[in-house]
Amino acid sequence: MPARLFLSSGDLIADRRFDFARDLRLKGDLAAAADLLLQAIERAPGFASAWFTLADIRQQLGERDAAISAFRKAVVADPDDRHGARLRLMLLGAEKLSDMSPAYVRALFDQYAPKFETALVDDLDYRGPALLFKAVLSARGAVHKPAFFKRAIDLGCGTGLAAGAFAKEVDEFIGIDLSPRMIERARLTGFYAELEVTEMVQGLRGRRDASADLILAADAMVYVADLAPVLVEARRVLISGGLLAFTVETHGGEGVILGEGLRYAHAAGYVRRAIEGAGLVLSRLEDLSARNEDNAPVPGLVVVAAKP
Ligand SMILES: C[S@@+](CC[C@H](N)C(=O)[O-])C[C@H]1O[C@@H](n2cnc3c(N)ncnc32)[C@H](O)[C@@H]1O
């Protein structure tokens, strides 16, 4: 994953202390790094990066309460929460599970964009688009319809890997993504008639009723806790008989959890209920993994649903 985000405090000395603290941390001197961060914070109390890093060190030292308090200060210092401090509070059980801040997702993928494809495809053996392609073909085959689509919307399109997999089967692709840098890369592929930098539910809300016959989300719903709003909008935007196909990471329990890798995992039962609740009809729900972690497949689901 990308290097940690740095937001300047606006105070040169505080920023320099932060740099020294980071060096000390890299050398393994966590206590000295925490001391320096406190000195930086003393000069610049609204220094979100210092609060976030201090919290991270506190957690590493096993100081849970101090970590929680520092993560909370990081949120106060940067209410948009570009560092993802709220996610860390959720993991620590100090905050209820909720959606990620869009600013965090944007900052994460803007940093990630230049090395995204190498990291995902080569290092993590990413296969989300190929799995979606197979699932959509077989869902279409089952209802004796050709797998050809006039207009497809690619939610969380990233650099365009999913559009690449479906390029020959789709007349016109629309890509939606929170990260301008990922969108820049998607533009270079030439696969998209239109690209929009926005949150996926907002992006769908701007689309007309029954204006797409395919909606894809490859490895993007793992950044969305509550699937209901996006599924409801997808249903509205799809034509009758149109398909929604997406991947999620999953787990053996109930509902939605946040994993250590700061990605949500949706239980199969939750996905079934969410599809039904949105008025879609489940066509495929397969236990298939879209990527590896530590050389092992991450449990996942490939889902295809149709608008009746
Ligand atoms: C792991 S990448 C996958 C990209 C692409 N679909 C693929 O298969 O390579 C996830 C993408 O989803 C985008 N994303 C995550 N949450 C989003 C949201 N709520 N709205 C729009 N885009 C989102 C991220 O910015 C990122 O580009």
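Analysis parameters
- For every chain, the first residue of its written sequence is number 1, and the numbers climb from 1 along that sequence.
- Only residues with pLDDT of at least 70 get local features here, since the model is predicted, and only at 80 or more are side-chain atom pairs given and counted; chain-wide, interface and lining totals rely on the full set of residues.
- Computation of side-chain values: all heavy atoms of the structure, hydrogens and water removed.
- We call a residue near a molecule or strand as soon as one heavy atom of that residue lies within 4 Å of the molecule or strand.
- In protein, a polar contact requires one atom able to donate a hydrogen and another able to accept it; more generally it is a pair of N or O atoms within 3.5 Å, and residues adjacent in sequence count only if both atoms are side-chain atoms.
- The protein chains shown are the only cover counted for residues, whose accessible areas, like all others here, come from Shrake-Rupley with a 1.4 Å probe.
- Polar here means any residue outside two lists: the nonpolar Ala, Val, Leu, Ile, Met, Phe, Trp, Tyr, Cys and Pro, and the charged Asp, Glu, Lys and Arg; Gly therefore counts as polar.
- The term salt bridge refers to a pairing of a side-chain nitrogen on Lys or Arg with a carboxyl oxygen on Asp or Glu at a separation within 4 Å.
- Counting from the N terminus, the helices are the DSSP runs of H or I reaching at least four residues and the strands are the DSSP runs of E reaching at least two.
- Exposed residues in this analysis have more than 50% of their type's maximum accessible area, buried residues have under 20%, and partly exposed residues fall in between, with area computed by a 1.4 Å probe over protein chains only.
- Only Phe, Tyr and Trp rings are paired, with Trp represented by its six-membered ring, and only when their centres lie within 6.5 Å; those with planes under 30 degrees apart are stacked, over 60 edge-to-face, the remainder tilted.
- Two residues form a contact once any of their heavy atoms are found within 4.5 Å.
- The length a helix should cover is 1.5 Å for every residue beyond the first.

Notes on the site of the ligand
And then number 1: Taken together, 20 residues lie around the ligand, and Tyr-126, Gly-156, Asp-177, Glu-199 and Ala-218 are the ones closest in.
And then number 2: Taking Tyr-126, its side chain carries an N or O atom lying 2.6 Å from an oxygen atom of the ligand.
And then number 3: At a separation of 3.3 Å, a nitrogen atom of the ligand approaches a polar backbone atom of Leu-178.
And then number 4: Across the complex, the protein chains shield 98% of the 590 Å² of accessible surface that the ligand would expose by itself.
And then number 5: A per-class count over the shell around the ligand returns 13 nonpolar, four polar and three charged.

A closer look at the pattern of salt bridges
And then number 1: Under the counting rule described, the total for this entry stands at 21 salt bridges.
And then number 2: The residue Asp-219 makes a salt bridge to Arg-291 at a minimum N-O spacing of 3.4 Å. With a gap of 72 residues between them, Asp-219 in the loop between strand E4 (212–217) and helix H12 (228–237) and Arg-291 in the loop between strand E8 (281–287) and strand E9 (292–293) connect regions that are remote in the sequence. For the residue pair Asp-219 and Arg-291, the accessibility class agrees, reading buried in each case.
And then number 3: Each of Asp-219, Glu-249, Arg-263, Arg-291 and Glu-293 takes part in one network of salt bridges that share partners.

Notes on the packing of aromatic side chains
Given two aromatic rings, their pairing is described by the distance between the two centres and the angle made by the two planes.
And then number 1: Scanning the model with the defined rule gives 10 aromatic pairs in all.
And then number 2: Arranged with centres 5.5 Å apart and planes meeting at 85°, the rings of Tyr-112 and Phe-116 form a pair that is edge-to-face. Neither residue differs from the other here; Tyr-112 and Phe-116 are each classed as buried.
And then number 3: An aromatic cluster is built from Phe-109, Tyr-112, Phe-116 and Tyr-223, whose rings are joined through pairwise contacts.

Quick notes on the environment of Pro-308
And then number 1: Mapping Pro-308 onto the fold places it in the segment after strand E11 (300–306).
And then number 2: Of the residues examined, Pro-308 reaches a relative accessible area of 55% and is grouped as exposed.
And then number 3: Each C-alpha atom, one on Pro-308 and one on Tyr-264, is 28 Å from the other, the two residues being 44 residues apart in sequence.
And then number 4: Beyond its immediate chain neighbours, meaning those up to four positions away, Pro-308 contacts Arg-235, Ser-240, Gly-241, Gly-279, Leu-280 and Val-281.

Digging into helix H3 (residues 48–60)
Because an α-helix packs 3.6 residues into every turn, residues spaced three or four apart end up facing the same way.
And then number 1: For H3, with 13 residues, the first-to-last C-alpha span of 18 Å sits near the 18 Å given by 1.5 Å per residue.
And then number 2: Counting buried positions along H3 yields 11 of 13 residues, so the element is predominantly enclosed.
And then number 3: Tucked inside the fold, the buried residues of H3 contact helix H1 (12–26), helix H2 (30–43), helix H4 (64–77) and helix H5 (85–91).

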